[in-house]
Amino acid sequence: MKKIVFSSVLMLVAVACSQPALNLPADSGKVVFLNSLLTLSEGDNQIYTQDFIPQCQDIDSVTCDFADVQCALSADKLKLVVTAPKNLPQFVDIQFWVSGVPYSVPARKSDKIDYVFTYNPQGKPLGRVQIAGQMNNWVASMSPDLQLNADSIYEVTLHLSPGTYLYQLLIDGEQNHDSTNPNKVDNGYGKFNSILQVDGYESEFPVLHTKTFSRKQIELSFTNEVTKVYAYWQNYRLPADFITLTEEGISVKLPREASELERSYIRVWGVNQYGVSNDILVPLDRGEVLENTANITRHDKYANIIYFMLVDRFKNGNPKNDHPMNRPDVNPKADYQGGDLAGLQQEIRDGYFTKLGVNTLWVSPLNQNPMEPYGYSEVGKTKFAGYHGYWPISSSKVDFRFGTNEELKGMVAEAHAHGINVLLDYVANHVHQDHPLYKNHPEYATPLYLPDGRMNTQLWDEQRLTTWFDTFMPSLDFGNPKVVSMMVDSAMFWMSEFNIDGFRHDACKHVNEEYWRLLTYKLKEYDPQGKFYQIGESYGSPELMASYVNSGMLDGQFDFNVFDEATSAFNGVSGGTLKRVSNILRSSLKVYGAHNLMGYISGNHDKPRFMAMASGDLKVGEDAKAAAWTREIGITDSTAYKKLALFHAFNLTIPGVPVIYYGDEIGMTGANDPDCRRMMRFSNWNPREQRLFNQVSELNHLRRTNLALIYGDFINVEVTDASWVYARKYFDQEAIVLLNNSASAKSFLIDCNAHGLSAKALTATFGNKFKKTDDGKIQIKLPPYGFEILK
């Protein structure tokens, strides 16, 4: 036995020694934070060096592999100006030199084009015509007005990346959807958003797929021409002798240094004259390609499945801390209902989340909130309690109605013992007017009134960084370094005091970037292993959301653009199509990367429940907030359960991080806030609710045990308005996803060979019968609103 073990060790040593080395200085290869991909536009591009090199004072110089690119480092080394020429290649490598070691930042050329948008007034005389949408962050004044051309058509030239954009027209002061565009989606507030599709040259871009691997190297296949390959291990560009490019594929050797890290990554991009490929991300386990999900821990962020609950609406575990307001001016729907940390810990201990298959809990804000109600709903004739946690009057104390600081520590410890992460919903943007910070230093808040005399409330896009959410919720001035420092210290208190695993950040786009950079810098100091995860909440264009997602700020944000389009399609009543979902998902994967950490939600506390729309109880174009007060929302069409299962199947099989809103695993319904925040139910489920729970549980467990669904490439096989087939591929592991979003059965014939799928030894996860033909095709028939995952 000793001889066998000794021989195995010698074999492993021999393999490691036979691998090529990068010959890095000691410890320089142990950087765990991956430098994010930059996008460069022609001209000057300002870069914050600390996003990529935390100890930026150690930078000696900055170079680029394309000589015409100029890199000018500021005297204090905090900023870098990269000047990109007109002849900028599609992809370049920027290198920060520190003590003789080049730390790479991959960068691609911007794909923005001039797009002429037109509007036909059909002979109607108009005054001013403007466009407001995701292309200008819903601020019409940020784009030129449309001008009438010689053909009596209004037009404007917009500088846009190819992709999908939601928009409305502002015509003589009246803002609504574009009546000449049939493609639109319900915005949930009694109106519609129109959909603009901007096409480019994406069909000519290279497409890379993982193929095979050994202990020494990985093999990739590709479609469309590849003229150059950029490959990285961690933040080091692999030398040319590590890479082989032939007509048959791409080979990338694994560096010897990778064996020193428990988890590291290979990243690869292919380039041709038209653009840049999807990114390839290959996780390494002590230097070898990760083969088994048993080696994945709760700290592998790409394997996260998040479950979000409002603590007050989840479970009442300790009635002794119940303190509802019980006032005639507070509707019970807007009052405390008793959920607490004790109830959450009970469900962790009893295995609810383990059975469901989630491994990360996003917990609503726990700060002490005011004792009095605030705000007012004219429709509901009610004030609101701060049961949701978003009106903090303390930056360090758990609200006694949820529990104590010690109970929070106990809950987190219980979660960790069950292999579950805990993300705290942290509110930095604002405080309540009773918070000591504002009472003692009102100058730390942004002005409530604008210079023109208007009240600066709910001007979400026009005054993005200063607007107040309400008159009793002062927004903090993050242009003030003192405010930035204090709020970062507050967030770090919650991280270190309670041993949480990261944050969900509220109102992300309303907070200056200085805050996010300092917080992430402090988090990297606190946790050099990079186990923390940060996700932000922002509504806006992909470009705006992506500006907060990089190695110096957030890991991801919630992709509401995909959510809005997907719910419109899967609920079956809002007029959306799977083709449109496919288009907007493709846009997202291009902006955020084919292997991203964005959040893909089933719903949230600020949206009407999926079930309410899918069952037809909430009407298309209806004001969902008003419906929350004026009538009871039930489930009159039980087909909605099948539609929700189909939506879950989509969310849990695409790249990114799935996020399940509490109750969506059993099909709870409700209009918008507060009706979408009903108390969670753990018993007396009807058969349809139980079946949905079982399906979601099976999907969760499948994702967590299938590397193709965690790290696999995304392959779009075929899509129609009401059906979709796509695949995830991680070397020889494949998952083929089939969705039938129609009221009729659907037969599929899938040519696996045409899409680089071997389709070997497939099994049907949900029991639908299928047949594989001799020429590599798959035949399968799905029932109405049915889905299958062949693995």
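Residues numbered from 1 in each chain as written. Predicted model: local features only at pLDDT ≥ 70, side-chain atom pairs only at ≥ 80, totals over all residues. Heavy atoms only, no water.

**Description of the overall build of the protein**
Turning to step 1, where the next piece is worked out: Helices and strands together make up the secondary structure of the protein, namely 15 helices and 41 strands.
Turning to step 2, where the next piece is worked out: Relative to a compact globule of 791 residues, whose C-alpha radius of gyration would be 28 Å, the protein shows 26 Å and is just as compact.
Turning to step 3, where the next piece is worked out: Seen through its principal axes, the protein has C-alpha atoms that stretch 80 × 65 × 55 Å.
Turning to step 4, where the next piece is worked out: Taking the contacts inside the protein whose residues are at least 6 apart along the sequence as the reference set, 71% of them involve residues at least 24 apart.
Turning to step 5, where the next piece is worked out: By element, 51% of the accessible surface of the protein is carried by carbon and sulfur atoms, the whole surface being about 31100 Å². (Helix = DSSP H or I, 4+ residues; strand = E, 2+ residues; numbered from the N terminus. Rg over C-alpha atoms; globule rule 2.2 N^0.38 Å. Contact = heavy atoms within 4.5 Å. Areas by Shrake-Rupley, 256 points an atom, 1.4 Å probe, with all protein chains shown as cover.)

**A word on the environment of Gln 346**
Turning to step 1, where the next piece is worked out: As for its position among the elements, Gln 346 is in helix α2 (residues 341-349).
Turning to step 2, where the next piece is worked out: For the pair Gln 346 and Met 411, spaced 65 residues apart in sequence, the C-alpha to C-alpha distance is 8.7 Å.
Turning to step 3, where the next piece is worked out: Not counting chain neighbours up to four residues away, the residues in contact with Gln 346 comprise Lys 315 and Gly 317.
Turning to step 4, where the next piece is worked out: Polar side-chain contacts of Gln 346 include one of 3.3 Å to the backbone oxygen of Gly 317. (Polar contact = N/O pair within 3.5 Å; in protein donor to acceptor, adjacent residues only side chain to side chain.)

**Describing the environment of Ala 231**
Turning to step 1, where the next piece is worked out: Here Ala 231 shows up in strand β18 (residues 228-233).
Turning to step 2, where the next piece is worked out: Taking relative accessible area as the criterion, Ala 231 reaches 1% and is therefore assigned buried.
Turning to step 3, where the next piece is worked out: Here the alpha-carbon distance between Ala 231 and Ile 243, two residues 12 residues apart in the chain, equals 7.6 Å.
Turning to step 4, where the next piece is worked out: Residue contacts for Ala 231: discarding those within four places in its chain leaves Tyr 236, Arg 237, Leu 238, Ile 243, Val 252, Arg 267 and Val 268. (Buried < 20%, exposed > 50% of the residue type's maximum accessible area, 1.4 Å probe, protein only.)

**Looking at unusual backbone geometry**
Turning to step 1, where the next piece is worked out: Geometrically, the link from Asp 673 to Pro 674 is a cis peptide bond, its omega value of 10° lying close to zero.
Turning to step 2, where the next piece is worked out: Following the sequence through the fold, Pro 674 ends up in the loop between β34 (657-661) and α14 (687-704).
Turning to step 3, where the next piece is worked out: Positioned with a positive phi, Lys 77 is a non-glycine residue whose angle comes to about 65°.
Turning to step 4, where the next piece is worked out: Looking at where Lys 77 falls in the secondary structure, it is placed in the loop between β4 (70-73) and β5 (79-84).

**Focus on the sheet that holds strand β10 (residues 147-148)**
Turning to step 1, where the next piece is worked out: Taking strand neighbours across the sheet as the criterion, the 3 strands line up as β8-β11-β10 in an open arrangement whose pairing is antiparallel. Edge positions in the sheet fall to β8 (113-119) and β10, since each has one partner strand and no second.
Turning to step 2, where the next piece is worked out: Relative to strand β11 (residues 154-160), β10 is paired through 2 bridges, and the arrangement is antiparallel. Of the residues in β11, the one forming a bridge with Leu 148 is Tyr 154. (Pairing = 2+ DSSP bridges.)

**Some details on the pattern of salt bridges**
Turning to step 1, where the next piece is worked out: Overall, the coordinates contain 38 salt bridges when judged by the stated rule.
Turning to step 2, where the next piece is worked out: For the salt bridge of Arg 298 with Asp 501, the shortest nitrogen-to-oxygen distance reads 3.0 Å. In this pair, Arg 298 is assigned in the loop between β24 (288-289) and β25 (306-309) and Asp 501 in the loop between α6 (481-498) and β30 (502-505), connecting sequence segments 203 residues apart. Take Arg 298 and Asp 501: they sit in the same class, and that class is buried. (Salt bridge = Lys/Arg side-chain N within 4 Å of Asp/Glu carboxyl O.)

**Let's talk about the pairing of β4**
Turning to step 1, where the next piece is worked out: Bridging between β4 and β5 involves 4 bridges; their strand directions are antiparallel. Directly across from Ala 72, in β5, lies its bridge partner Val 81.
Turning to step 2, where the next piece is worked out: Taking the residues that link successive antiparallel strands as the turn, the β4-β5 hairpin has 5 residues, and the phi of Lys 77 there is positive, at about 65°.

**Thoughts on helix α7 (residues 513-526)**
Turning to step 1, where the next piece is worked out: In this model α7 runs 20 Å from its N-terminal to its C-terminal C-alpha over 14 residues, within 8% of the 20 Å that 1.5 Å per residue would give.
Turning to step 2, where the next piece is worked out: Of the positions making up α7, those classed as buried are Tyr 515, Trp 516, Arg 517, Leu 519, Thr 520, Tyr 521, Leu 523 and Lys 524.
Turning to step 3, where the next piece is worked out: Where α7 is buried, its residues touch β2 (43-48), β29 (421-426), α6, β30 and β31 (533-536). (Expected span 1.5 Å × (residues − 1).)

**Digging into the packing of aromatic side chains**
Turning to step 1, where the next piece is worked out: By the definition in use, this model includes 50 aromatic pairs.
Turning to step 2, where the next piece is worked out: Arranged with centres 5.3 Å apart and planes meeting at 80°, the rings of Phe 117 and Tyr 167 form a pair that is edge-to-face. Placement of Phe 117 in strand β8 and of Tyr 167 in strand β12 (residues 163-171) is noted, with a sequence separation of 50 residues between them. Tyr 167 matches Phe 117 in its accessibility class, with the two residues each being buried.
Turning to step 3, where the next piece is worked out: With centroids separated by 5.1 Å and ring planes inclined at 35°, the aromatic side chains of Phe 714 and Tyr 726 adopt a geometry described as tilted. Residue Phe 714 is found in strand β35 (residues 713-719), and its partner Tyr 726 is found in strand β36 (residues 723-730); the two are separated by 12 residues along the sequence.
Turning to step 4, where the next piece is worked out: By relative accessible area, Tyr 726 is classed as buried at 0%.
Turning to step 5, where the next piece is worked out: Through successive ring pairs, a cluster of aromatic residues spans Phe 563, Phe 570, Phe 610, Phe 647, Phe 650, Phe 714, Trp 724 and Tyr 726.
Turning to step 6, where the next piece is worked out: Looking at Arg 609, its charged tip hangs above the ring of Tyr 662, at a distance of 5.0 Å from the centre. (Phe/Tyr/Trp six-rings, centres within 6.5 Å; stacked < 30°, edge-to-face > 60°. Lys NZ or Arg CZ within 6 Å of the ring centre and 35° of its normal.)

**Brief notes about the packing of helix α9 (residues 560-570) against helix α13 (residues 639-651)**
Turning to step 1, where the next piece is worked out: Between α9 and α13, whose axes approach to 10 Å, the crossing angle comes to 145°. Taken as a pair, α9 and α13 cross one another with a handedness that is right-handed. Contacts between α9 and α13 involve Val 562, Phe 563, Ala 566, Thr 567 and Phe 570 from the first element and Lys 643, Leu 646, Phe 647 and Phe 650 from the second.
Turning to step 2, where the next piece is worked out: Among the residues making up the contact of α9 with α13, the classes are represented as 7 nonpolar, 1 polar and 1 charged. (Axes fitted to C-alpha atoms, helices over the stretch in contact; angles between N-to-C directions. Left-handed = near helix turned anticlockwise from the far one by under 90°. Nonpolar A, V, L, I, M, F, W, Y, C, P; charged D, E, K, R; others polar.)

**Topic: the confidence of the model for the protein**
Turning to step 1, where the next piece is worked out: Residue-level pLDDT values for the protein average 95, and 98% of them are 70 or greater.
Turning to step 2, where the next piece is worked out: In the model, residues 1-15 has pLDDT below 50 throughout and makes 4 contacts with residues more than four positions away in sequence or in other chains. (pLDDT = per-residue confidence, 0-100.)

**Observations regarding α9**
Turning to step 1, where the next piece is worked out: Burial of α9 is extensive: 10 of the 11 residues sit out of reach of the surface.
Turning to step 2, where the next piece is worked out: For α9, the full list of buried residues reads Phe 560, Asn 561, Val 562, Phe 563, Glu 565, Ala 566, Thr 567, Ser 568, Ala 569 and Phe 570.
Turning to step 3, where the next piece is worked out: Downstream of α9 by one or two residues, Gly 572 has phi in the positive range, about 75°.

**Here we look at the environment of Leu 34**
Turning to step 1, where the next piece is worked out: Along the polypeptide, Leu 34 turns up in the loop between α1 (2-18) and β1 (38-40).
Turning to step 2, where the next piece is worked out: Here the alpha-carbon distance between Leu 34 and Asp 199, two residues 165 residues apart in the chain, equals 31 Å.

**Quick word on the nonpolar core**
Turning to step 1, where the next piece is worked out: Residues Tyr 307, Phe 353, Tyr 515 and Phe 650 are the most contacted members of the largest nonpolar core, which totals 187 residues.
Turning to step 2, where the next piece is worked out: With 9 residues, α6 is the single largest residue contributor to this core.
Turning to step 3, where the next piece is worked out: The residues touching Tyr 515, leaving out its near neighbours within four places in the chain, are Tyr 426, Ala 428, Phe 478, Val 484, Met 487, Val 488 and Ala 491.
Turning to step 4, where the next piece is worked out: Ranked by size, the runner-up nonpolar core spans 17 residues in total, among them Leu 126, Leu 146, Leu 158 and Tyr 165. (Core = buried A, V, L, I, M, F, W, Y, C linked by side-chain atoms within 4.5 Å.)

**Description of the sheet that holds strand β21 (residues 249-253)**
Turning to step 1, where the next piece is worked out: Read across the open sheet, the 4 strands follow the order β16-β17-β21-β20; overall the sheet is antiparallel. Lying at the two open borders of the sheet, with one neighbouring strand each, are β16 (207-213) and β20 (243-246). Strand-to-strand twist in this sheet, taken as the mean axis angle between neighbours without regard to direction, amounts to 20°.
Turning to step 2, where the next piece is worked out: The pairing of strand β17 (residues 217-223) with β21 spans 4 bridges and is antiparallel. Note that in β21 the partner of Glu 219 across the bridge is Ser 251.

**Examining the packing of helix α4 (residues 405-417) against α6**
Turning to step 1, where the next piece is worked out: One way to put it is that α4 packs onto α6 with a least axis distance of 10 Å and a crossing angle of 65°. Contact residues: Asn 405, Leu 408, Lys 409 and Val 412 in α4; Trp 494, Glu 497 and Phe 498 in α6.
Turning to step 2, where the next piece is worked out: The residue makeup of the contact of α4 with α6, split by class, is 4 nonpolar, 1 polar and 2 charged.

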